[in-house]
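The residues making up each chain are set out below.
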Amino acid sequence: MVKCGQRLPQGFEDLGPDRRERVEALGTELATLFASWGYRRVEPPAIENYETFAAGSPSFSADRAYRFLDRDGRLLALRPDITTGVGRMIAQALREDSRAVSLPLRLRYEGIVFRREPQGSARSHAFEQAGVELIGVAGPDADAEVIGLASAAAHLAGLPEVRLLIGHSGLVKGAMQAAGRGSPDVEEQFRAALARRDLVAVSAMIGSDLASVLTGGPFDPVAGREALNRLAGAAEAQIASGARELLALYDLLDEYATPEPWLEPVLLRDLDYYSGVVFELLSPAFPEPLAGGGRYDGLLGKFGAGAPATGFAVNLTATSQAGPGQVLRPRQRVALAWADAAARGQALRIAHRLREQGSVAETLPEAANLTEALAAAASRPVDRLLFVSESGYREIRVCGDQPAGQAGLAGVAGIH
Amino acid sequence: MPISLAVPRGRLFEPVLELFAATGVPLVPEDQERRELVIERDGWRFLMARPRDVSLFVEHGLADFGVAGKEALLETPRDVVESLDLGIGRCRLALARPDGEPTELRRIRRIATKYPRLTEEYAARTGLTAQVLVMHGSVESAATLGLADAIVDLVETGSTLRANGLVVVDILVESSARLIANPVAYRLRSREVREWTERLRQQVDQTRAAVELAQERQAVDGG
């Protein structure tokens, strides 16, 4: 019987050095990319009042947030997303002194989010996200900028045939109203059917004209424009205005260097706060979106100071494992061993110099002689072994299992 | 790239085979008996699975498409697209009790089932305070042996229930087989896949129309 303290709870996993280095490598590339577009890092806390998340995304938070009580019995939550925290943070700053905040704000973040999954799901309940928020600008240019940046981010994952899917929450809300015909219960049933991607139920609840557009997607760039032109004349006001906004955006995307847009009218993101254009970037080589996001003009208003906003996030933990991956900047990796105590000082001085020059220098104090040092070096992610004795040193190329530059495992078998 | 399908073994296999064969899918009757988990044939890839595992394989992208019963999708929700009602494998998830018991639902104290989630939801919805007992096979025996005073189970023809002296007192779910898809695979589906799913839709519509026509004729003849 393995004691409780010796194992992980369901839904959580360890990342060994191989996987963690891939997360870090992609995270570093994304941070550099986001910063080069003028996005500055912020850090809302990992724990907030549950009410904060519930205000932004009521049904998502109720289903997915990890909740617990503080000492005084107040209900807190581990953040199930970071955008809500950023929105709360900026609304607070605007409330305190709106003149001190110069909109638009370009902000980026990176951190772990926690989401409960249904029982029996093999999905991880915690993963690292990197994303951006563009706060204070409405209109298609801001949407196109964020989609352009997300496209550049998705390309960093190194996967083939990245495709852009685009939708609008107005199309979904308009269809909900058309389905509900004034009954909030039926509207809710329709929303729930869409959320569980039950197109059979969705089609049964709306007229066949609307159903064929809503469930026939995604439409290629040409067919998508045609569908939007039709929807722009729809009787439901939210559908018509959503379609017109998407048409305006279509005209800009090419200049913002995104992949061609494929219209997915029922693109419904997990979180409830989306209020306009939504999008995802997909690759056939990976069963989850590489990046996704959209416009959420109502979120900051929930925290007392409204402002239009749009953004997206990348699931770093999953996406970094998907492609060939970004390898951390290849550096010379050297193992050092010494013949006896008299040579140790010299070996450590060499190690110090190598590290100053930007190499990775690892010492092998446990190796008593050259044979042991070679065996130890072969199992480590190093290119060379320096064996130091009083009379000088020998340099030996190491051809272990781990090719140079690839993150290997330092003697801990079975962790990846 | 081959089109990959997770195919359920068991009661759904034959109707699925018949429907798929009519739309050009090269599945053959012997496939159910083969021991391989994965069968590749003429640009198709079949993943032979237990019915309740189909949605798991599709959710994780091991297969692009699959066939699963609606009741299984409701019992174990997964992130898959439910794209088409195939109209086959029709059955009901029903609450049944020994014949002759008082039918007042509030008197039910313990329900045996393979569908605890749907049973608990049903109990909450109807105000039942019954305990749910999870079983893995021949649920009817729990009621006939007195382990439980009602069961929730799939009913196709009702003959198993009758043989065990049970009668249906309520329907939880009207079920049929659904074509499900991995959300990313569904959104990236190629022209070949779209053409196949369109053939499948037409085939399902034709079958439904034929069945309705036969029923009408029967009604006319009977009248």
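Draft legend 1. Region of the structure containing helix α11 (residues 237-253) of chain A. Residue and element names in this part refer to chain A. A rise of 1.5 Å per residue sets the reference length of α11, with its 17 residues, at 24 Å; its end C-alpha atoms lie 25 Å apart and thus fit the reference within 8%. Of all the positions in α11, only Ile-239, Gly-242, Ala-243, Glu-245, Leu-246, Leu-249 and Leu-253 are classed as buried. Viewed along the axis of α11, the buried residues span an arc of 165°, placing them on a single side of the element. Turned more than 90 degrees from where α11 packs its buried face, Ala-237 and Asp-251 sit exposed. Buried positions along α11 lie against α5 (140-156), β7 (163-168), α6 (169-180), α10 (221-231), β8 (261-263) and β9 (277-282).

Draft legend 2. A look at the sheet that holds strand β6 (residues 126-135) of chain A. Residue and element names in this part refer to chain A. With mixed pairing, eight strands are arranged side by side in an open sheet as β1-β5-β6-β11-β10-β9-β7-β8. Edge positions in the sheet fall to β1 (40-41) and β8, since each has one partner strand and no second. Here β7 runs beside β9; their pairing, made up of six bridges, is antiparallel. From the neighbouring strand, Leu-164 faces β9, where its bridge partner is Leu-281.

Draft legend 3. Structural view of the confidence of the model for chain B. The predicted model of chain B has a mean per-residue pLDDT of 91, with 98% of residues at 70 or higher. Across the whole predicted complex the pTM is 0.84, and at the interface the ipTM reaches 0.83.

Draft legend 4. Up close: the pairing of strand β4 (residues 65-69) of chain B. Residue and element names in this part refer to chain B. Of all five residues that make up β4, five are buried, and the element is covered over most of its length. Alternating positions in β4 separate into two faces, Phe-65, Val-67 and Gly-69 on one and Gly-66 and Ala-68 on the other, with burial throughout. Of the strand pairs in this sheet, strand β1 (residues 3-8) and β4 are connected by two bridges, and their pairing is parallel. When the sheet's bridge partners are listed, Ala-6 is paired in β4 with Gly-66.

Parameters and conventions
- Residues numbered from 1 in each chain as written.
- Chains lettered and ligands numbered in written order.
- Predicted model: local features only at pLDDT ≥ 70, side-chain atom pairs only at ≥ 80, totals over all residues.
- Helix = DSSP H or I, 4+ residues; strand = E, 2+ residues; numbered from the N terminus.
- Expected span 1.5 Å × (residues − 1).
- Buried ≥ 20, exposed ≤ 12 C-beta atoms within 10 Å, placed from the backbone.
- Arc of directions from axis to C-beta.
- Contact = placed C-beta atoms within 7 Å.
- Pairing = 2+ DSSP bridges.
- pLDDT = per-residue confidence, 0-100.

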